[in-house]
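# Summary of structural features
Spelled out, the chains give:
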Amino acid sequence: MSGVQDAKDPEKAKSKFLELDKDKTMKLVGKILLPVKDHSKFNFVGKILGPRGNSLERLQEDTGSRITILGKGSMRDKNKEEELRKDSSSKYAHLNEDLHVMVEVYALPGEAHTRMGYALDEIKKYLV
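Each chain has its residues counted from 1, following the order in which its sequence is written. Only residues with pLDDT of at least 70 get local features here, since the model is predicted, and only at 80 or more are side-chain atom pairs given and counted; chain-wide, interface and lining totals rely on the full set of residues. Water and hydrogen atoms were dropped before computing side-chain values, which therefore reflect all heavy atoms in the structure.

Moving on, we get to the packing of aromatic side chains. Only Phe, Tyr and Trp rings are paired, with Trp represented by its six-membered ring, and only when their centres lie within 6.5 Å; those with planes under 30 degrees apart are stacked, over 60 edge-to-face, the remainder tilted. This structure, assessed with the given rule, holds 1 aromatic pair. Judged by centre distance (4.8 Å) and plane angle (65 degrees), the ring pair of F42 and F44 falls under edge-to-face. With a 1.4 Å probe rolled over the protein chains alone, any residue whose accessible area is under 20% of its type maximum counts as buried; one over 50% counts as exposed, and the rest are partly exposed. Given the relative accessible area of 43%, F42 is considered partly exposed.

This brings us to the pattern of salt bridges. Any carboxyl oxygen of Asp or Glu that lies within 4 Å of a side-chain nitrogen of Lys or Arg is treated as forming a salt bridge with it. Using the criterion set out here, one finds 7 salt bridges in the structure. Of the charged contacts, one joins R58 and D62 as a salt bridge, the two residues approaching to 3.4 Å between their closest N and O atoms. Of the two residues, R58 and D62 both sit in helix 4 (residues 54-63), 4 residues apart, roughly one turn of that helix. By relative accessible area, which is 42% here, D62 ends up partly exposed. Numbering of helices and strands runs from the N terminus, with a helix taken as a DSSP run of H or I at least four residues long and a strand as a DSSP run of E at least two residues long.

A separate point is the nonpolar core. The biggest cluster of nonpolar side chains holds 21 residues, and the ones touching the most others in it are I48, I67, V101, V103, V105 and I123. Contributions of two or more residues to this core are made by strand 1 (26-33), helix 3 (44-49), helix 4, strand 2 (66-70), strand 3 (100-107) and helix 6 (109-127). Counting residues per element, this core draws most heavily on helix 6, which supplies 5 residues. Leave out the neighbours within four places in its chain, and V105 touches M26, K27, L28, G64, S65, A112, R115 and M116. The nonpolar core is taken to be a set of buried Ala, Val, Leu, Ile, Met, Phe, Trp, Tyr and Cys residues, with the residues joined through side-chain atoms within 4.5 Å. Any two residues whose heavy atoms approach within 4.5 Å at even a single point are treated as in contact.

As a general feature of sheets, a regular strand has side chains that alternate between the two faces. Among the 8 residues of strand 3, 7 are classified as buried, and the element is accordingly described as predominantly covered. Sheet analysis places strand 1 next to strand 3, joined by 8 bridges and oriented antiparallel. Residue pairing for strand 3: L28 is matched across the bridge by V105. Relative to strand 3, strand 2 runs antiparallel, the two sharing 5 bridges. Bridge pairing in strand 3 places I67 opposite V103. Note: two strands are recorded as paired if DSSP finds a minimum of 2 bridges between them.

Attention now moves to the confidence of the model for the protein chain. Values of pLDDT, which run from 0 to 100, indicate the predictor's confidence residue by residue. Looking at the protein chain as a whole, its pLDDT mean stands at 83, while 88% of the residues score no less than 70. This stretch, residues 1-7, has a pLDDT under 50; its non-local contacts, to residues over four places away or in other chains, come to 3 contacts.

Turning next to the sheet that holds strand 2. Taken in spatial order, the 3 strands make up an open sheet running 1-3-2, and their pairing is antiparallel. Among the strands making up the open sheet, the edge pair consists of strand 1 and strand 2. If you compare each strand with its neighbour and ignore which way they point, the axes differ by 20 degrees on average. To get an axis, a line is fitted to the C-alpha atoms, and for a helix only the part in contact is used. The angle between two axes follows their N-to-C directions and goes from 0 to 180 degrees.

Okay, here's the thing in structure tokens:
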């Protein structure tokens, strides 16, 4: 029944399409699950961050995206992480999810998808 209502609402139906003729930037978000359960001894956070965060900075510059490491195990201080997880603040809601990398791209539709694909390929190199 909700699908019928969406079809009748022009604003919701319009938001499902990309407008390529207008110079309108879009936000594209992707979450990549880190295989912590398969490789429990490997430090994925340290590998992606690199020395003093240099690898992450270079990765963001090369891909033109914003990359953040979120989820359980993303913080250095485990006690503080546990305390914030119990807090009901939406800012720390990601701590209840599994460890993942979030990639955000702000660009024109075609460029955004290209950047996202490139970012996913580059992050995959750190996971293999």
